[in-house]
Amino acid sequence: MSNDWLKMWNTKFGQAEFAYGTQPNDYLKDKLQHLPTGSILFPAEGEGRNAVYAAQLGWDVSAFDISEAGQQKALKLAAKKQVSIDYILGELDKLGYQPEQFDAIALIYAHFPPTIRSGYHKLLHSYLKKGGTIIFEGFSKDHLEYKKKNPSVGGPGNLDSLFSMEELQSDFRDYEILELKKTTVQLNEGDGHVGTGSVIRFFAKKK
């Protein structure tokens, strides 16, 4: 990933406040409550709000990101909540995760650069156990119109960085799809996601 990409996230996460708050994403929260605990991976986990929540539920949590500022805040949040998370820095293909290591993978606003996104998704698929679960929420390609009207809702500003249902189905094949939909949501996640946005939600089990 480019130095500009890293600089952007370190700047965002280097502020005193948590960019997206400290409370878990609503969709993640709902889905985790219905799954047995096990091992879970949080890609592009930023400041740790979702990973820490999963650890509080009893999950064995792994997470990664490229931003050291995000990692530092995540570990502080985990300490404050008296839980432990295994959070490492780097790019996914260099982190040493193993085939079928995880019972679940949670992709919450994990908008990787378009040039590497599909490859990352396929790597993540290989790290998920058979019968394991994908929990996904990210901004849809329709989101640009909402962002133009209200920049405070956040999200990428270019179409290629946003998601379509067809792209997800292509990247995550051989899954039992329990939910796949595009929907409008009201976001109130720190100062980074505030207002109405268009998201895709994907919940599926690996065959």
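Our subject is the structure that appears above.
Residue numbering note: each chain is counted from 1, following its sequence as written. Totals for whole chains, interfaces and linings use all residues, but because this is a predicted model, local features are given only for residues with pLDDT of at least 70 and pairs of side-chain atoms are given and counted only at 80 or more. The basis for every side-chain value is the complete set of heavy atoms in the structure, and neither hydrogens nor water enter the calculation.

Engineer: Looking at this structure, I do not really get the packing of aromatic side chains. What am I missing?
Structural biologist: In this description, a pair of aromatic rings is defined by centroid distance and the angle of the planes. Centres within 6.5 Å are what make two rings of Phe, Tyr or Trp a pair, Trp counting through its six-membered ring; a difference in plane orientation under 30 degrees is then read as stacked, over 60 as edge-to-face, and the rest as tilted. Taken as a whole, this structure holds eight aromatic pairs when the rule is applied. Taken together, a centroid distance of 5.5 Å and an interplanar angle of 70° make the contact between tyrosine 97 and phenylalanine 102 edge-to-face. Categorising residues by exposure relies on relative accessible area from a 1.4 Å probe, with only protein chains included: less than 20% of the type maximum marks a residue as buried, more than 50% marks it as exposed, and the intermediate range marks it as partly exposed. The class for tyrosine 97 is buried, based on a relative accessible area of 9%. Aromatic pair tyrosine 109 and phenylalanine 139: ring centres 4.7 Å apart, planes at 45°, arrangement tilted. Pair noted here: tyrosine 109 is in the loop between β4 (102-108) and α5 (114-127) and phenylalanine 139 is in strand β5 (residues 128-139), with a separation of 30 residues, a long-range link. Neither tyrosine 109 nor phenylalanine 139 differs from the other in exposure class; each is buried. Secondary structure counts use DSSP, requiring at least four H or I residues in a row for a helix and at least two E residues in a row for a strand, with both numbered from the N terminus.

Engineer: Got a minute to help me understand helix α4 (residues 68-80) in this structure?
Structural biologist: Helical geometry note: an α-helix holds 3.6 residues per turn, so side chains three or four residues apart project in the same direction. Each residue after the first adds 1.5 Å to the expected span of a helix. The end-to-end C-alpha distance of α4 is 18 Å, a good match for the 18 Å that 13 residues give at a rise of 1.5 Å each. Where α4 is concerned, the buried positions are Ala69, Gly70, Gln71, Lys73, Ala74, Leu77 and Ala78. Glutamine 82 sits one or two positions beyond α4 and adopts a positive phi of about 60°.

Engineer: Please clarify how the side chain of lysine 31 should be interpreted in this entry.
Structural biologist: Mapped onto the fold, lysine 31 is located in helix α2 (residues 26-32). Contacts are assigned to residue pairs that have any heavy atoms within 4.5 Å of one another. Non-local contacts of lysine 31, meaning those with residues more than four positions away in its chain, are made with Ile135, Glu179 and Phe203.

Engineer: Is there a simple way to explain the pairing of strand β1 (residues 39-42) in this structure?
Structural biologist: In regular strands, side chains alternate between the two faces of the sheet. Along β1, one buried face is formed by Ser39 and Leu41 and the opposite face, lined by Ile40 and Phe42, is buried too. As paired elements, β1 and strand β2 (residues 60-65) share four bridges and run parallel to each other. In the strand pairing of β2, isoleucine 40 is matched with valine 61. Seen with its strands pointing away from the viewer, a crossover is right-handed when the path leading from the first strand over the helix to the second is clockwise. In this fold, the crossover linking β1 to β2 by way of helix α3 (residues 49-57) has right-handed handedness. For two strands to be treated as a pair, DSSP must find at least two bridges joining them. One ladder, built from two bridges, connects β1 with β4; its direction is parallel. Its bridge partner being in β4, leucine 41 is matched across the sheet by isoleucine 105.

Engineer: Please clarify how the pattern of salt bridges should be interpreted in this entry.
Structural biologist: Pairs can form between side chains of opposite charge whenever their charged atoms are close. Salt bridge, as used here, is a side-chain nitrogen of Lys or Arg placed within 4 Å of a carboxyl oxygen of Asp or Glu. Counting across every chain of the model gives 13 salt bridges. In this structure, the salt-bridge partner of glutamate 179 is lysine 31, at a minimum N-O distance of 3.4 Å. Separated by 148 residues along the polypeptide, glutamate 179 in strand β6 (residues 175-189) and lysine 31 in helix α2 bring together distant segments of the chain. The exposure class of lysine 31 is buried, given its relative accessible area of 14%. Residue glutamate 167 is joined to arginine 117 by a salt bridge in which the shortest nitrogen-to-oxygen separation is 3.3 Å. A residue pair is termed long-range when its members are at least 10 positions apart, and glutamate 167 in helix α7 (residues 165-171) and arginine 117 in helix α5 qualify at 50 residues.

Engineer: How do you make sense of the sheet that holds β2 when you look at a structure like this?
Structural biologist: By way of backbone hydrogen bonds, the strands of a sheet pair with one another, either parallel or antiparallel. With mixed pairing, seven strands are arranged side by side in an open sheet as β3-β2-β1-β4-β5-β7-β6. The strands lining the two open edges of the sheet, one partner per strand, are β3 (86-89) and β6. Averaged over all pairs of adjacent strands, the angle between their axes in this sheet comes to 15°, without regard to strand direction. Alignment of β5 against strand β7 (residues 193-206), held across seven bridges, turns out to be antiparallel. When the sheet's bridge partners are listed, isoleucine 135 is paired in β7 with phenylalanine 203. Axis angles are defined between N-to-C directions and span 0 to 180 degrees, where every axis is a line fitted to C-alpha atoms and, for a helix, only to the segment in contact.

Engineer: Help me out: how do you make sense of unusual backbone geometry in this one?
Structural biologist: Peptide bonds are, in most cases, trans, and in most cases residues other than glycine have a negative phi. Look at glutamate 100: it is not a glycine, yet its phi comes out positive at around 55°. As for its placement among the helices and strands, glutamate 100 is situated in the loop between β3 and β4. With a phi angle near 60°, aspartate 174 is a residue other than glycine that sits in the positive phi range. Its location among the elements puts aspartate 174 in the loop between α7 and β6.

Engineer: Is there a simple way to explain the nonpolar core in this structure?
Structural biologist: Soluble globular proteins: nonpolar side chains tend toward being buried together. Counting residues in hydrophobic clusters, the biggest one holds 32 residues, and the most contacted among them are Leu32, Ile40, Phe42, Trp59, Val61 and Ile85. With five residues, the single largest contributor to this core is α3. With residues up to four places along the chain from it excluded, the contact list for tryptophan 59 reads Leu32, Leu35, Pro36, Thr37, Gly38, Ser39, Ile40, Ala54 and Ala104. Only buried residues count toward a nonpolar core, which is a set of Ala, Val, Leu, Ile, Met, Phe, Trp, Tyr and Cys residues joined through side-chain atoms within 4.5 Å. Core analysis: the second largest hydrophobic core is formed by 23 residues, Phe64, Phe112, Ile134 and Ala204 among them.

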